[in-house]
Each structure stands twice: as structure tokens, then as C-alpha cells.
Amino acid sequence: MSETAVTAPEHKERLYVPWWGWLLPLAAGVLLAAEIHMGFPGVRSWLPYVITVPLTVLLILRMGSAKVELSGGELRVGEAHIPVGLLGEVEVFTAQTKRQAMGPNLDPAAFVTHRGWIGPMLRVRVNDPEDPTPYWLFSTRHAEELAQMIRAR
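Presented here is a report on the structure given in the accompanying data block. It should be emphasised that the depicted structure is a prediction, and the values quoted were computed from it without experimental measurement.

## Topic: the environment of Gln148
At step 1: Here Gln148 shows up in helix H4 (residues 143-152).
At step 2: Look at Gln148 and you get partly exposed, because its relative accessible area is 46%.

In C-alpha cells, the structure reads:
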């Protein structure tokens with residue numbers, strides 16, 4: 001029997017949309033269903049609600065969340081991943097200082113995963129000569145802790 005080391009993630013978080021971010025899309029889904037309902041009275045009148053409201057929930061969950069994970073020697077943000085050995089300098093941005101990093105100082109070639117409802121961000125330099133991406137800039141709720149973990153590796 002071969003031994004396979006399954007390493008637990010050192011850091012793992014999911015960046016979901018907060019409750020207040022659900023209100024407007026859900027209201028729009030219900031209003032769309034009501035508009036369709038007015039055009040089709042009778043038995044079919046419930047059908048738009050059964051379709052648009054769950055579809056709205058699915059879109060919020062799918063498009064509004066991102067995974068940030070450090071495990072197995074890799075940093076994963078959303079669907080992207082990079083070995084920790086290729087990472088360089090790590091900078092932490094607070095909710096107040098991220099405006100500069102996301103605005104005039106943003107490199108167009110950077111990999112960015114931004115969630116406006118999350119204050120802190122990390123900028124991690126990529127030290128891979130084959131990769132045209134200069135750095136990763138991504139939101140995380142635990143920026144200081146994750147930065148320390150990346151620096152320790």
C-alpha cells in the first residue's frame with residue numbers, strides 16, 4: 001500500500017456575497033417574474049417565479065464567490081493556481097489603501113480577483129520568467145495571516 005500525503009489546507013476561505021448584496025438581484029428576479037406573470041395568467045403564472053428566482057440565486061452563488069486557498073505548495077485564487085516557489089514579495093493593502101493599488105498603480109497584465117465587499121487585499125509578485133503576469137492582486141478577509149504564511153514558505 002503506497003502512502004499518499006493528503007495535506008490539509010493552511011488557509012482556505014470562500015468569498016461569498018454578503019446578505020445585503022442579495023437584495024437587489026433577488027428583487028430584480030422577482031420583478032422579472034412578475035412582468036412575465038402579467039402576460040400569462042392562469043396555470044402557467046407560477047412558472048416564471050420557479051425559473052427566475054432559483055436562477056438568480058444560482059448566478060449570485062456562482063458569480064459572486066471565489067475561493068482563496070494555500071495548500072499543497074500552491075496558492076489558489078478562484079480557478080487559477082501557482083506554486084508557492086514562484087511567488088515573491090507580498091504586500092498587504094487595507095480597505096483604505098487598496099484604492100491606489102486598484103487604480104493608478106494597477107498593471108494591466110496583473111491577475112486580479114477583487115470583491116468590493118471585502119476590505120483587505122494582497123499583492124503577490126510572480127517570479128516566473130515564463131509568466132507575463134507581474135503579480136496577483138486579490139481580496140481576502142485574512143490578509144495579514146495569509147501574507148505571513150506565504151512569506152514563511
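## Regarding the sheet that holds strand E5 (residues 87-93)
At step 1: Here 4 strands make up an open sheet; going across it, the order is E5-E7-E8-E6 and the pairing mixed. Of all strands in the sheet, those with a lone pairing partner are E5 and strand E6 (111-113), marking the two edges. Each neighbouring strand pair of the sheet contributes to a mean axis angle of 10 degrees, computed without reference to strand direction.
At step 2: Bridging between E6 and strand E8 (residues 135-139) involves 3 bridges; their strand directions are parallel. Note that in E8 the partner of Thr113 across the bridge is Phe138.
At step 3: Lying over the sheet, H4 contacts E5, strand E7 (121-126) and E8, oriented at roughly 165 degrees with respect to E5.

## Considerations on the sheet that holds strand E2 (residues 67-71)
At step 1: Read across the open sheet, the 4 strands follow the order E1-E2-E3-E4; overall the sheet is antiparallel. Lying at the two open borders of the sheet, with one neighbouring strand each, are strand E1 (11-14) and strand E4 (80-83). Taken over all neighbouring pairs, the strand axes of this sheet differ in orientation by 10 degrees on average, direction set aside.
At step 2: Bridge analysis of E1 against E2 gives 4 bridges, and the strand direction is antiparallel.

## Here's the deal with the side chain of Ser139
At step 1: Tracing the backbone through its elements, the reader meets Ser139 in strand E8.
At step 2: At 2.9 Å, the side chain of Ser139 forms a polar contact with the backbone nitrogen of Arg115.
At step 3: Those residues in contact with Ser139 that sit more than four places away from it in its chain are Leu15, Val68, Thr113, His114, Arg115, Ile118, Pro120 and Met121.

## Concerning H4
At step 1: Burial in H4 covers these residues: Ala143, Leu146, Ala147 and Ile150. Viewed along the axis of H4, the buried residues span an arc of 100 degrees, placing them on a single side of the element.
At step 2: Looking at the buried side of H4, the elements it contacts are E1, E2, strand E3 (74-77), E5, E7 and E8.

## Brief notes about the pairing of E7
At step 1: Of all 6 residues in E7, 5 are buried; the element is thus mostly enclosed.
At step 2: Of the strand pairs in this sheet, E5 and E7 are connected by 5 bridges, and their pairing is antiparallel. Among the inter-strand pairings, Leu87 is bridged to a residue of E7, identified as Val126.
At step 3: Across 5 bridges, E7 lies against E8 in antiparallel orientation. Opposite Met121, over in E8, you have Ser139 as the bridge partner.

Cut-off values and rules
Residues numbered from 1 in each chain as written. Predicted model: local features only at pLDDT ≥ 70, side-chain atom pairs only at ≥ 80, totals over all residues. Heavy atoms only, no water. Helix = DSSP H or I, 4+ residues; strand = E, 2+ residues; numbered from the N terminus. Buried < 20%, exposed > 50% of the residue type's maximum accessible area, 1.4 Å probe, protein only. Pairing = 2+ DSSP bridges. Axes fitted to C-alpha atoms, helices over the stretch in contact; angles between N-to-C directions. Contact = heavy atoms within 4.5 Å. Polar contact = N/O pair within 3.5 Å; in protein donor to acceptor, adjacent residues only side chain to side chain. Arc of directions from axis to C-beta.

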